[in-house]
Amino acid sequence: MALLFTACPNNAGGGGDSTVNITVKKVQGEGKVGTIPSDPVSVPLGSSWSSVKEILRSKIVFTPGFTLNSGHPGDDANTQEFADGYIFYEDATVFIKSRKDLPDISTIQGPGTQIKITLAVDPERGQILGPEVISVNSGTTWAQLEAYAKAALKANYGFKEEGAEWKNGSTVLGSTDSFGTDATLTAYPEDIRIRIKVTGDNNKVTIDKPDEPIIAIPGTKWKEIKAKADDKVRVKDKTRYAVTAWHKGSNASDPTLTDSSTFQEVDRPNCTVFAETGDRQITLTVKYGTGSGTPLSGGTITIYDGDTWGSVKVQAEGKISLGFSIREWRLNGKSGQVINDSYTFKASGGNAQTVYAKLEDLRIIITVKYGNISTVGSEALTAGTITVHDGDVWTKKKIGNKGKKVEIIPKVKKTAEDLIPASALAHAVISEWRWDDANGEPISNGYTFKLSDGRERTVFAIIRPEITMSVTQNVQTQVKYYAWIDGSVTEGTYVLANIPAASGTIGKTGKSDNAERSVSLNAYSMGATEVPQALYRLVMGYNLSQFSWDPSSGEIQELRPVENVSWYYAAAFCNELTRCTKGLGMSECVYTVDDNPYTIQDAKNEKIPQMNMSKKGFRLPTEAEWEWAAQGGSARQVYAGTGDSSNLKDYAWYKANSYNKTHTASEKANPLKLFDMSGNVAEWCWDWYSGSTPTGGNNPTGASSGTDRAVRGGSYKSEATESKHECECAHRDKSGPPYVKEYIGFRIVCRP
């Protein structure tokens with residue numbers, strides 16, 4: 001037997017992501033930052049540091065009297081801070097440094113004569129935070145103003161705030177100096193820049209812009225500026241030579257610089273570094289371990305200056321014999337720098353280097369299952385298993401040029417999709433992924449697998465059918481689908497008759513619950529038959545009909561009407577069919593709960609949906625639509641297709657001819673090309689039932705509330721006699737929306 005599942009092409013894939021995540025940490029030695037966000041902070045993609053800074057400021061708790069000073073790309077405060085115009089195009093870690101907040105100066109701003117004090121600093125040296133011009137009392141002393149001025153001064157990189165000299169004109173300010181007139185007070189932060197000149201063997205290298213030094217400050221480590229020095233060196237014969245070492249001085253005999261080498265105060269103001277050249281070949285030793293004990297050696301590989309880690313990593317991985325996962329790679333040993341694919345090896349780091357793989361069992365076994373929207377628990381089919389690792393992502397965000405384009409790229413998701421067998425996707429597609437089964441939570445784009453969530457997980461692919469809809473010469477709408485019908489998977493067609501807009505009379509004289517009244521209806525299309533079992537099973541994933549076997553001779557079981565369906569599930573079917581029909585999709589679903597499309601889970605929970613008749617999706621007919629269609633519109637037939645009960649056997653399956661069971665459609669249709677509206681199964685309508693005549697007017701939808709829903713039309717067990725009028729078009733019935741009965745089914749309508 002072929003397997004048919006459900007999938008909705010209109011709901012496939014995922015949405016874009018327009019944010020980046022900022023992980024917040026403290027710089028080394030930072031003691032004035034209290035609480036920082038434990039989770040990454042989401043900010044708009046393309047945000048500048050100036051805007052990110054304000055977002056972070058509101059989420060960080062500082063010691064009273066302190067505020068955010070700067071953000072750094074590394075944990076050392078000596079690294080150059082982010083400039084206000086720096087743009088975040090991808091996730092990043094920001095190390096925070098604090099500063100004293102501007103103190104209150106209201107005590108020197110009382111009543112009386114006020115003067116203006118302008119705080120200034122050379123833009124090369126720094127900036128003034130807060131207002132540059134402040135008003136204070138005449139006679140204010142420098143001792144009263146000094147704390148505020150110092151807090152307002154922010155020195156640029158290479159200059160020192162602490163101990164900055166302040167002058168009024170050319171006079172250095174002292175604590176007893178006072179101000180009786182407007183004054184400009186200028187700060188002179190100390191210049192602590194170390195200007196590092198890059199040199200090398202002139203026979204083998206040239207230096208790019210040799211007169212432009214690299215700027216550092218005391219405390220800067222060589223590893224923090226080494227890349228800048230490397231970028232300035234141009235090796236003349238790259239096939240033979242590379243920078244193999246750096247020296248602090250002007251030749252290769254001077255002390256060798258290592259990553260931990262630190263520039264000191266004595267190196268000011270000028271310092272020279274020398275690029276030594278030699279063989280560009282690097283012997284890379286591969287070591288590995290779990291982070292404790294003596295590392296194991298896997299051997300060596302040969303690489304060259306300029307190779308990236310991404311280009312040689314596979315060779316290194318081949319040297320590891322344990323079956324554990326590689327958590328990370330580090331340079332020079334288990335406590336060294338973490339390296340990523342873009343890391344570039346330089347011979348200046350030595351012709352013999354080491355990488356260390358930290359191993360951990362990071363494997364997570366993912367069982368991939370699939371089924372339809374109703375598949376739960378053990379009913380799910382298993383496609384196979386895949387192995388992922390802690391940190392792998394379900395989908396990944398790709399950011400285009402300058403952050404203008406965001407694309408969701410399948411990662412683990414693509415591997416899972418590839419396991420779904422082709423037989424399950426015949427005339428169907430994967431609509432969405434959930435955890436465990438159809439009732440599970442959706443798997444979000446960007447989900448990161450974590451060992452803390454378990455070493456074994458299950459992902460479930462909801463598969464929905466591909467269904468098409470077309471209009472034929474404005475006469476009928478055809479819904480085409482592939483389903484198990486009469487012993488094989490074949491194309492089925494569910495026809496809806498197109499009914500033009502009209503005004504007219506429905507009801508019957510003398511009926512207390514359905515007196516004659518006028519209605520005006522917009523154009524709509526109505527199912528020519530009740531919904532067949534084949535279509536219901538395809539869309540909903542199951543068929544609980546009482547009459548699911550033993551069809552009459554010459555009839556096809558799967559085309560008998562579905563019954564034993566509650567009103568709630570009939571409404572859910574309408575939305576599911578809408579989602580799976582090309583040209584409609586989830587956005588055209590008529591029924592909603594809390595502004596979200598009504599689902600099978602909502603039906604299970606007996607939630608009451610709202611209806612938006614302006615949508616073009618499928619829905620249950622209103623009582624007015626049903627009765628107008630049943631009576632043939634203006635034909636006003638007593639029964640659907642005839643006014644004479646003696647002819648009813650040609651138009652309906654009812655007690656006199658049904659043999660007490662359902663059938664495929666009757667031989668003849670009513671004037672609007674509709675079958676069995678007076679028999680076979682009674683049909684759910686949208687309206688709440690009321691014992692009095694429903695209102696007429698424009699597109700009436702019945703009572704606003706109630707306990708039962710309206711049921712219209714005769715069934716296989718209905719009678720059409722002088723005393724029994726159950727098959728008449730004007731006959732009204734009711735049932736509780738959660739109840740299922742073997743004689744109640746439904747047909748659907750939609751806007752053209």
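This is a predicted model, so every value here is computed, not measured. Residue positions within a chain follow its written sequence, with the count starting from 1. With pLDDT at 70 or above as the cut-off, local features in this predicted model cover only qualifying residues; side-chain atom pairs require 80 or more to be listed or tallied, and sums for whole chains, interfaces and linings still use all residues. In computing side-chain values, all of the structure's heavy atoms are included and hydrogens and water are not.

Peer 1: Where do I start with the overall build of the protein chain in this structure?
Peer 2: Strands here are runs of E lasting at least two residues and helices are runs of H or I lasting at least four, both read from the DSSP assignment and numbered beginning at the N terminus. Across its full length, the protein chain carries nine helices and 46 strands. In this scheme, a residue with accessible area under 20% of its type's maximum is buried, one over 50% is exposed, and one in between is partly exposed, where area comes from a 1.4 Å probe on protein chains only. For the protein chain, buried positions account for 46% of its 752 residues. Two residues qualify as a contact provided that any one of their heavy atoms is within 4.5 Å of a heavy atom in the partner residue. Counting contacts in the protein chain only where the partners sit at least 6 residues apart, residues at least 24 apart contribute 70% of the total. For the protein chain, the exposed surface amounts to about 34700 Å²; the carbon and sulfur share of it is 46%. In this description, accessible areas are obtained by the Shrake-Rupley approach with a 1.4 Å probe, and a residue is regarded as covered only by the protein chains that are shown.

Peer 1: So what exactly am I meant to see when it comes to the layout of surface pockets here?
Peer 2: Each pocket or cavity is described by its volume, and for the second largest pocket that value is around 910 Å³. In this analysis a 1.4 Å probe is tested at points of a 1 Å grid over the protein atoms alone, and where it fits but cannot get out there is a cavity; an open set with protein on both sides within 12 Å along at least five of seven lines is a pocket; lining residues have an atom within 4 Å of a point. Every residue lining the second largest pocket is counted, 34 residues in all, and those nearest its centre are N69, K97, K160, E161 and E162. Listed by contribution, the elements that provide at least two residues to the lining of the second largest pocket are β4 (66-72), β6 (92-100), α2 (142-152), β11 (153-155) and β12 (159-168). With seven residues, the top contributor of residues to the lining of the second largest pocket is β12. Grid points are joined across faces, edges and corners, and a volume is the space filled by probe spheres set on the points.

Peer 1: Just to check I follow, could you spell out the sheet that holds strand β38 (residues 591-593) for this structure?
Peer 2: Adjacent strands of a sheet form backbone hydrogen bonds with each other and so pair up, either parallel or antiparallel. A pair of strands is labelled paired if DSSP reports no fewer than 2 bridges between them. The sheet built from three strands is open, its strands ordered β39-β38-β40 with antiparallel pairing. Looking at which strands have only one partner, the edges of the open sheet turn out to be β39 (596-597) and β40 (610-611). Bridge analysis of β38 against β39 gives two bridges, and the strand direction is antiparallel. Bridge pairing in β39 links T592 to P597.

Peer 1: Help me out: how do you make sense of the pairing of β4 in this one?
Peer 2: Successive residues of a regular strand alternate their side chains across the two faces of the sheet. The buried fraction of β4 is high, at six of seven residues. Pairing of β4 with β6, which is carried by six bridges, proceeds in the antiparallel orientation. Along β6, the bridge assignment pairs H72 with F95.

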